[in-house]
Each structure stands twice: as C-alpha cells, then as structure tokens.
Amino acid sequence: MPADPAVLVPALLAAADITPSPEEVAIMIAEFPGRAAALDALYAVPEARYEEPDLVYDAVL
Amino acid sequence: MYMTITDAAAALRTGETTSVALTEAVIAVADAHDGELGVFLARYTDTALAAAAKADAELAAGIDLGPLHGIPLGIKDIIATDEGETTAQSLVLDRSWGDMGDAPVVARLRAAGAVITGKTTTMEYAIGTPDPDKPFPIPRNPWSTEHWTGGSSSGTGGGVAAGMFLGGLGTDTGGSIRFPATNCGITGMKQTFGRVPKYGCVPLGYSFDHIGPMARSAQDCAAMLAVLAGHDPRDATSVDRPVDDYLGGLTGSLEGVRIGVDPLLTHSSQNVPELTAVLDAAVAELRAAGAVVSTVELPLYAELKTVTMVGLAAEAYAYHRPDLQSRWFDYGAGTRMAVATGALVPAGDYVQMQRVRRVGKRKVAELFADVDLIVTPTSACGAAPLAKLTFDDIIDALHTPYWNAMGNPAMSVPMGFTTDGLPLGLQIVGRPFEEAAVFAAGHAYQQRTDWHLRAPALVADLLAA
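Here goes a summary of the coordinates provided. (Residues numbered from 1 in each chain as written. Chains lettered and ligands numbered in written order. Predicted model: local features only at pLDDT ≥ 70, side-chain atom pairs only at ≥ 80, totals over all residues. Heavy atoms only, no water.)

**Thoughts on the interface of chain A and chain B**
Then comes step 1: Across the contact, 31 residues belong to chain A and 33 residues belong to chain B.
Then comes step 2: Around 2,800 Å² of area is buried between chain A and chain B when both sides are counted, 64% of it from carbon and sulfur atoms.
Then comes step 3: It is Leu42, Glu51 and Asp54 of chain A that lose the most area in chain A upon contact with chain B, and together they represent 22% of the buried surface on that side.
Then comes step 4: Arg358 of chain B is paired through a salt bridge with Glu51 of chain A; the nearest N and O atoms lie 3.4 Å apart.
Then comes step 5: Our count for the chain A to chain B interface comes out at 15 residue pairs in polar contact (both at pLDDT 80 or more).
Then comes step 6: Elements with a contribution of two residues or more to the side of chain A that touches chain B: α1 (5–16) and α2 (22–42) of chain A.
Then comes step 7: The leading source of residues in the side of chain A that touches chain B is α2 of chain A, at ten residues.
Then comes step 8: Of the residues contributing to the side of chain A that touches chain B, the split by class is 20 nonpolar, two polar and nine charged. (Contact = heavy atoms within 4.5 Å. Buried area = accessible area lost by both parts, 1.4 Å probe. Salt bridge = Lys/Arg side-chain N within 4 Å of Asp/Glu carboxyl O. Polar contact = N/O pair within 3.5 Å; in protein donor to acceptor, adjacent residues only side chain to side chain. Helix = DSSP H or I, 4+ residues; strand = E, 2+ residues; numbered from the N terminus. Nonpolar A, V, L, I, M, F, W, Y, C, P; charged D, E, K, R; others polar.)

Next up, the structure:
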C-alpha cells in the first residue's frame, strides 16, 4: 500500500529540517499524490528499463 | 523610437539617430512607465548614457563593433554585471554573490558595444509567482496591466514590449524566456543547452538552465546570440564547438524546409478558443514561405514535462536547502513552495528522470529525421490575470518545459492575439545546435507578418514621439 501523504510529507520535511506553515504543509500533502503518479509514470516508459541515465561524471576537473 | 535592434543599428550607421538619442528615448519611456510596469530592479542611467556616448564616438571614428554597438539592453537580475549588485529579486541571496563583476554573457555584450540600461525584474530565483508581500515590483504586462508578463524573465519581456530597451537577457529553465516572450508579444530564444555559458548567473536547475536573448524580432535575437554563444570553461556544461553564422541564413525563404506541427491541444486544459485559428494562420504563412508542413506528435510529452518541472525542483532544492532551513519566510511564498518540492522527490526518481530524458532524446532525434523543424503553440492561452495566478495553472498552459528536458533550441515568436487583445506565441524548435534553422524560420515568418512590430497602446504615443 502506498504511504499516506499526510504521514510521508511531514516526515520528509522534518528529515530535511524545513518548517513550512501548517497551511503550506497541507498544500504539499494535497499535491503529493499527483506528483507521485507522474513520477511513477516515468517507470512505465518501456524503453527506459535498461537505459543509462543522462548523467555524466568527468574525473578530470 | 519603437525600433528593432536591426533597424536601430542601421539608423545609427546612416546618422538617422545616435546611441545617446536611443538611450535617452528608452530612459524617457522607463521614467514614464516603469513605476506601473515593474520592469527594473535597478537602473544604470548615468553609465548607460556614458556607454552610449562612447559608442557614438567610436562609430563616428569608424570603429564598428557590430549590430549591438550602441544598442540599449536590459539584463535579468540573476546575472552579474559590473554596475551593481545582483539580487535574484530575493531577500535571501547574499549581496556579495555578484562581486565577480560581469558574467561572460554581459562581458560579451559589453565588448560588442551594447549599452547596459539596468537590471530587470524576475521571479525570485527565477521560479514562483509575484509576491506582493515582498519589497519588489510586481511585473505588469504592457498589453494589459491587469495581466502578468509571465516569468521568470518578466522585466526583460515587459521592458522590450514597452520600449524600455531594444533587447535583453533572460534565462530559461522551464520556459522563462519563451513564457514572457509569448505573453508580451516579443521574440525569445532558448538556444541549445550548453551553447551559451551560464557562469555568473544564479542557478535554478543546473541541467535545465539557459541564458538567452529576448528582443522584438528573430533577426535581433540572432544578432544577440552571435555575440553570446561560445565556450567558457567556468561553466561545466558549456560546449566547445564553433558558433554558426546565425544572420547569414536569414533569407526569408523556407523553400523545401520540412516543418512538423503539433498543436498540443490535448495537453492543456486552458486552450483559448481562438488558438487553433491563430496557429493555423501562422502555419499557413510558413507554408507560403515554402515550407513543407506535416503533422507530428511529440513523444513522451507528459513524461518529459514532469522531468523538467520536478527535476529542476530537485536541482534547485540542493542549492537552496540551507536557506530554506533557516530563512523559510524570507523567501516568497511561490518560490519556497516550488523549490521545497525537491525535498519530496526520492533520489532514485531523479535518476529515473535522467533515464527517461535519454529515451526522449532518442525519440525526438527520430522525429527530426522526418522534419527539419517542429512548431507548437508556446502557450495554450494569453497572459493570466495577476489576481488569479497559480503556479499549477501556469505550468498547465505552457508548452515550453518539454524542450528544457531535451535541450533543443526553441524560440517563441508572436503569432497573433486572443480576442481579449493578449499576445499569443508560436514556438519553433530545431535539432540541437541548429539555431540557424530556427532563426531562419522565425525570420521568414516575420518577413510575412507584423505581429512582432505591434506596440502596446499604453506606450504607443510615447514611442511614436
């Protein structure tokens, strides 16, 4: 079962040590499921299953 | 003096005007309307007039630095300049940040003889919405002061539209050049990622940020990009490759150019009824210029828009976390909420964004095998009323963020108006590093239309004087 945004969002904010107002936290909780669904959809892109990330690390400064 | 850079450059060389006269004219417009329109955070009147006088002397002596010589420009206030501090329109940014002096882009403009008139308004740190609770101007649209300019390059967009300078610098992480360009009826170019160095610019999303030109016409933007483009090792993402001739290909013809059109009507809930007719008329002009037009569908549209909007928040969060912890309420409400989204994104999801980005890059490249350019509306609607702004509605209407995930060059040109008299923009997109083709299409379109030359009624009388 997916985590409850009302629990998860305050926990993530606490872990990050940022303290929005209660009204702002309520907005973040309300917006969380939509964004989570959009992020889940990224895992449904079949061609991405074995794709490399577009991240480049260069050992030379 | 409502001139394009191109026309002003010609007038400077025929003796029809001088840089001092141009600069005094734009200063007069700013004196009259900046208080209402919220274009500037800082004005550099004395140094601008001195630079204009120097340009006039140089031109008189036969020293010609090119089409920007003696041209008044505005600089978005997240980019460092010699003249004064950089604020990012924020109470949070350490004012010593800009002590480095001119960012490479500003140094290049200055070396090309441009006249820096001041620093322009932005959304705080280039994200969010205007915040009346903070001590900064609210940018208002010259076409309707009850409406927003769009952002985050708000002041540069409004200032070009109002005639307070002839061009300027914006930055674009999810559309912040093209959004105010479409809303204000001007032209704005987000060139290929890495084409213009970002050193000396306050970051928002490291892998999505671009600094680019905003002006009246595609030709003006081409003249600016010719100066701005080029490698600088102080930006890790700056690309070291030759700069194309952007002005040489502006023939006015699109003979044989293959253009794919995606109206994107199913991807916004805010399409104005007139959007289809305005877009169709714009495409008809491209066809009349010689283009071969077909219909295309952008792959992974929703997914790549997510990648940009959530990815930039994650990247911005890394930069802002210490200040979000200690100075939450010093940030504007819209900015802190947008950036804090990054605290709610798992690291694995961020990596997945970069995998989808790579898939998208391949699919878009496949699409570009069949077409040379892609056009879409820049936005589903005209400028939003300031009284009804929400960040979610803004993102829902915009068709710009997709191209920040991809990195392709994308330019917005004016293509008409809503029935309410608000500008609408056409987005023209090319293959990576094929800015010249994008400029050529924009120029051909603007040779056949005059949307980019229309002046808002608010300033028309003053500009005609």
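**Section: the pattern of salt bridges**
Then comes step 1: According to the stated counting rule, one finds 22 salt bridges over all chains in the structure shown.
Then comes step 2: A salt bridge links Glu24 of chain A to Arg336 of chain B; the shortest N-O distance between them is 2.6 Å. You can see Glu24 of chain A sitting in helix α2 and its partner Arg336 of chain B sitting in helix α10 (residues 333–340), one on each of two chains.
Then comes step 3: Judged by relative accessible area, Glu24 of chain A falls into the buried class, the value being 6%.
Then comes step 4: Taking relative accessible area as the criterion, Arg336 of chain B reaches 9% and is therefore assigned buried.
Then comes step 5: Between Arg454 of chain B and Asp450 of chain B there is a salt bridge, and its shortest N-O distance comes to 3.1 Å.
Then comes step 6: Residue classification places Arg454 of chain B among the partly exposed positions, given a relative accessible area of 33%. (Buried < 20%, exposed > 50% of the residue type's maximum accessible area, 1.4 Å probe, protein only.)

By themselves, these figures tell us nothing about what the structure is for.
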